[in-house]
Amino acid sequence: MRGTLEEIRAQIDALSGEEKEVIMKGFQSFKEQILHAIEHLKEGETFENLLSEGYWMGDIIDQLMKNSALILGRTR
């Protein structure tokens, strides 16, 4: 799925069946991780300090950079 967090949530809401709950849990976890990373970056946290939280943070930072949500170490 692609789009803003709101667009992705709307796509998940349109699903039906047992898969919807599993997908929604994964989406909620991903969203919380993104918001966690963004808050730290807004407070001036360095990438190195964020990466010390775990490998998952590297994945989140990578996704934010690939989708142009981070520019030169700053959030949009």
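Residues numbered from 1 in each chain as written. Predicted model: local features only at pLDDT ≥ 70, side-chain atom pairs only at ≥ 80, totals over all residues. Heavy atoms only, no water.

So, about the overall build of the chain. Scanning the chain from terminus to terminus reveals four helices and two strands. In the chain, buried positions account for 20% of the 76 residues. If you take every contact in the chain between residues at least 6 apart in sequence, the share linking residues at least 24 apart comes to 25%. Carbon and sulfur atoms make up 52% of the accessible area of the chain, which amounts to about 5,600 Å² in all. (Helix = DSSP H or I, 4+ residues; strand = E, 2+ residues; numbered from the N terminus. Buried < 20%, exposed > 50% of the residue type's maximum accessible area, 1.4 Å probe, protein only. Contact = heavy atoms within 4.5 Å. Areas by Shrake-Rupley, 256 points an atom, 1.4 Å probe, with all protein chains shown as cover.)

What follows concerns the packing of helix α1 (residues 5-13) against helix α2 (residues 18-42). At a minimum axis separation of 10 Å, α1 and α2 run at an interaxial angle of 170°. When the axis of α1 is compared with that of α2, the two are roughly antiparallel. Read as a crossing pair, α1 and α2 show a hand that is left-handed. Of the residues in α2, those in contact with Leu5, Ile8, Arg9, Ile12 and Asp13 of α1 are Lys20, Ile23, Met24, Phe27, Gln28, Lys31 and Ile34. Tallied by class, the residues present in the contact of α1 with α2 amount to seven nonpolar, one polar and four charged. (Axes fitted to C-alpha atoms, helices over the stretch in contact; angles between N-to-C directions. Parallel < 35°, antiparallel > 145°, perpendicular 65-115°, else oblique. Left-handed = near helix turned anticlockwise from the far one by under 90°. Nonpolar A, V, L, I, M, F, W, Y, C, P; charged D, E, K, R; others polar.)

Turning to the pattern of salt bridges, a few remarks are in order. Counted under the stated rule, the structure contains three salt bridges. For the salt bridge of Asp13 with Arg9, the shortest nitrogen-to-oxygen distance reads 3.5 Å. One end of the pair is Asp13 and the other is Arg9, both in helix α1 and four residues apart, which spans about a single turn. Of the charged contacts, one joins Asp62 and Lys66 as a salt bridge, the two residues approaching to 3.2 Å between their closest N and O atoms. With Asp62 and Lys66 both in helix α4 (residues 55-66) and four residues apart, this pair spans about one turn of that helix. (Salt bridge = Lys/Arg side-chain N within 4 Å of Asp/Glu carboxyl O.)

Residues Ile34, Ala37, Leu41, Leu50, Met57, Ile60, Ile61, Leu64 and Leu70 constitute the largest nonpolar core, which totals nine residues. Those elements that provide at least two residues to this core are α2 and α4. Ranked by residues supplied to this core, first place goes to α4 with four residues. Other than its neighbours up to four places away in sequence, Met57 contacts His36, Ala37, Leu50 and Leu51. (Core = buried A, V, L, I, M, F, W, Y, C linked by side-chain atoms within 4.5 Å.)

Let's shift gears to the packing of α2 against α4. Two elements in contact, α2 and α4, have axes separated by 10 Å at closest approach and are oriented at 80°. The angle between the axes of α2 and α4 places the two elements in the roughly perpendicular class. Across the interface between the two elements, Phe30, Gln33, Ile34, His36, Ala37 and Ile38 of α2 pack against Trp56, Met57, Ile60 and Leu64 of α4.

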